[in-house]
Amino acid sequence: MELIQNTADLSAYLAADEVIDHHHPVVRETAGKLAAGASDSYAYARAAYEFVRDTIPHSQDSGDLRVTWRASDVLALGTGICYAKAHALAALLRAEDIPTALCYQRLTDDEGGHAVHGLVAVRFHGAWHRQDPRGNKPGVDARFSLDGERLAWIPDPSAGELDYPVLYAEPHPVVLDALKAAPDRPYLWKTLPAAL
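These figures come from a predicted structure and were not determined experimentally. (Residues numbered from 1 in each chain as written. Predicted model: local features only at pLDDT ≥ 70, side-chain atom pairs only at ≥ 80, totals over all residues. Heavy atoms only, no water.)

### Some remarks on helix α6 (residues 173-181)
Within the span of α6, buried status applies to V175, L176, A178 and L179. Here the buried residues of α6 occupy an arc of 160° about the axis, which is enough to place them on one side. Exposed and facing more than 90 degrees away from the buried side of α6 are P173 and D177. Looking at the buried positions of α6, the neighbouring elements they touch are α5 (82-95), β2 (100-108) and α7 (185-191). (Buried < 20%, exposed > 50% of the residue type's maximum accessible area, 1.4 Å probe, protein only. Helix = DSSP H or I, 4+ residues; strand = E, 2+ residues; numbered from the N terminus. Arc of directions from axis to C-beta. Contact = heavy atoms within 4.5 Å.)

Okay, here's the thing in structure tokens:
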């Protein structure tokens, strides 16, 4: 699948906004600690990915009812669903000048319908590489890779699943609206977008 930037301006994938708030002290402090142990930008990107994947539980897996959407809140509170974790990883990567996009998949949900799943793409060596920081669990073994994707899920077209090819510089409005409107995760689960 060819990944398509929604803007040709690569600097948009380094920008800070209210969601990917990489100038926030919590983001800067976390990025600084991760960068101190990294030999280069690739090692930093892997460390940031593994930090978000492994130390910030997916709120559904942990049973946390809080809904986070701003990167600094995800890092400070240590919880989030796939979108929120993608926002946190994007902020940590952009904090160290690594172009990072938000991207999405449409997957089946536990109710017999579909839900949009969030992940990121990082730009190294002139190409985009998708990464899924959702968090591993039985049946999910996502890994940081620039040599072939190691995502949590591979969409099954026969089940109506798909990869969206667009790389967004900012969260998709449908995703962000659902996150902002949800007072808790059970409410969010009823209002997750089924498609973009």
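### Considering the pattern of salt bridges
Counted according to the given criterion, the structure contains 12 salt bridges. Note that D73 is salt-bridged to R70, the shortest N-O span being 3.4 Å. Using a relative accessible area of 25% as the deciding quantity, one classes R70 as partly exposed. Counted as one network, the salt bridges with shared partners bring together D61, R134 and K137. (Salt bridge = Lys/Arg side-chain N within 4 Å of Asp/Glu carboxyl O.)

### Notes on the sheet that holds strand β3 (residues 114-124)
Reading across from one edge, β4-β3-β2-β5 is the order of the 4 strands in this open sheet, with antiparallel pairing throughout. With partners counted over all chains shown, the strands left at the sheet margins are β4 (127-131) and β5 (162-163), one partner each. Both β2 and β5 contribute to a ladder of 2 bridges, which runs antiparallel. Bridge pairing links R106 to L162 in β5. Packed on one face of the sheet, α5 meets β2 and β3 and runs near 10° to β3. (Pairing = 2+ DSSP bridges. Axes fitted to C-alpha atoms, helices over the stretch in contact; angles between N-to-C directions.)

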